[in-house]
Amino acid sequence: MKPASPLWLLLFFAASLHCLVDLVAGSLSPLWPLMDGHFRLAAWQGAGLFFVWQMTTSLSQFLFGVWGDRFNSRWLLWVGPLAAILCLGSIGLTTSPILLAQLLVIAGLGIAAFHPEGAALAGNCVPENRSRAMSIFTTGGFIGQSIGPYCSGNIVEWLGMKGLAWGILFGISALLLLVPLRYFATSGSSFATKK
């Protein structure tokens, strides 16, 4: 794969989107103790919500992978991150534990929906060097995981839980910046028509 090839740009797109998704997902890490107070949760309720979050973001990836093998699901590359951005950015705008649970489930499903499609896209960019492509894709996610807690922790310390709503503006702006890269990398390529 040549560094300037469209497939290299597509791999960069997949890794960048993975960075954004894991940044959004990682933003919850420092907030769990604060959510108990903000939402007036008993200890068992906070633990239950954490369990639901972890299961939603992890186990449902298998179901989305099965779905992706059977149907055209490239649209999940966009819808998954968008759902996560909107829902996690909204958790500070409510004090309802039931609404919090719903936002966490939808955000978790969005995060889970992205990963199989993103990984398949990254691997297909360079099938002859799939391990290298997957390491680049994975690195994007790890970078996002390291940035997310730092950003959300500082925002909440400065603006309170309602400050998380600024993440919606940031996240949608980042998605819009990635749109041209995705379509520039696939324009005129037979790869654009696959799946």
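Small disclaimer: the values here were computed from a predicted structure and weren't measured.

Trainee: Can you lay out the layout of surface pockets for me, pointing to particular residues and giving the numbers?
Mentor: One number sums up the size of the largest pocket: a volume of about 270 Å³. Forming the walls of the largest pocket are 19 residues, and the residues nearest its centre are L23, S27, I155, L164 and G167. Every element with two or more residues in the lining of the largest pocket is listed here: α1 (6-26), α5 (76-90), α7 (130-159) and α8 (166-186). Class assignment for the residues of the lining of the largest pocket results in 13 nonpolar, six polar and no charged. Approximately 180 Å³ is the volume attributed to the second largest pocket. Surrounding the second largest pocket, D22, A25, G26, S29, W53, Q54, T57, S58, Q61, I111, H115 and Q145 form its lining. Broken down by secondary-structure element, the contributors of at least two residues to the lining of the second largest pocket are α1, α3 (43-58) and α6 (97-125). Considering every element that reaches the lining of the second largest pocket, the biggest residue donor is α3, with four residues. Across the lining of the second largest pocket, the residue classes break down as three nonpolar, eight polar and one charged.

Trainee: How would you explain the pattern of salt bridges if you had to name every residue and give the values?
Mentor: Summed over all chains, the structure comprises one salt bridge. Residue R74 pairs with E117 through a salt bridge whose shortest N-O separation is 3.7 Å. Placement of the pair is R74 in the loop between α4 (60-70) and α5 and E117 in helix α6, with a sequence separation of 43 residues. For the pair formed by R74 and E117, the shared burial category is buried.

Trainee: Residues and numbers for the packing of α6 against α7, please.
Mentor: The geometry of α6 relative to α7 is characterised by a closest axis approach of 8 Å and an angle of 135° between their N-to-C directions. One way to sum up the angle between α6 and α7 is to call them oblique. Two packed elements cross with a definite hand, and for α6 against α7 that hand is right-handed. Along its contact with α6, which presents F114, H115, G118, A119, A122, G123 and N124, the element α7 presents R130, A133, M134 and F137.

Cut-off values and rules
- Here the residue index of a chain counts from 1 through its sequence in written order.
- Predicted model: local features are reported for residues with pLDDT of at least 70 only, side-chain atom pairs are reported and counted for 80 or more only, and whole-chain, interface and lining totals are derived from all residues.
- Note that water and hydrogens are dropped before the side-chain values are worked out from all heavy atoms of the structure.
- Put plainly, a pocket is an open set of points on a 1 Å grid over the protein atoms alone with protein on both sides within 12 Å along at least five of seven lines, a cavity is a set where a 1.4 Å probe fits but cannot get out, and a lining residue has an atom within 4 Å of a point.
- Grid points are joined across faces, edges and corners, and a volume is the space filled by probe spheres set on the points.
- Numbered from the N terminus, helices here are DSSP runs of H or I no shorter than four residues, and strands are runs of E no shorter than two.
- Gly is placed with the polar residues, together with every amino acid not listed as nonpolar (Ala, Val, Leu, Ile, Met, Phe, Trp, Tyr, Cys and Pro) or charged (Asp, Glu, Lys and Arg).
- Salt bridges are defined as contacts in which a side-chain nitrogen from Lys or Arg sits within 4 Å of a carboxyl oxygen from Asp or Glu.
- Each residue is placed in one exposure class: buried if its accessible area under a 1.4 Å probe, protein chains only, is under 20% of its type's maximum, exposed if it is over 50%, and partly exposed if it falls in between.
- Between N-to-C directions, angles span 0 to 180 degrees; the directions come from axes that are lines fitted to C-alpha atoms, helices contributing only their stretch in contact.
- Any angle that is under 35 degrees is reported as roughly parallel, and any over 145 degrees as roughly antiparallel; angles of 65 to 115 degrees are reported as roughly perpendicular and all others as oblique.
- Left-handed is the label given to a crossing in which the near helix is rotated counterclockwise from the far helix by less than a right angle, and right-handed is the label when the rotation is clockwise.
- By definition, residues are in contact when any of their heavy atoms lie within 4.5 Å.

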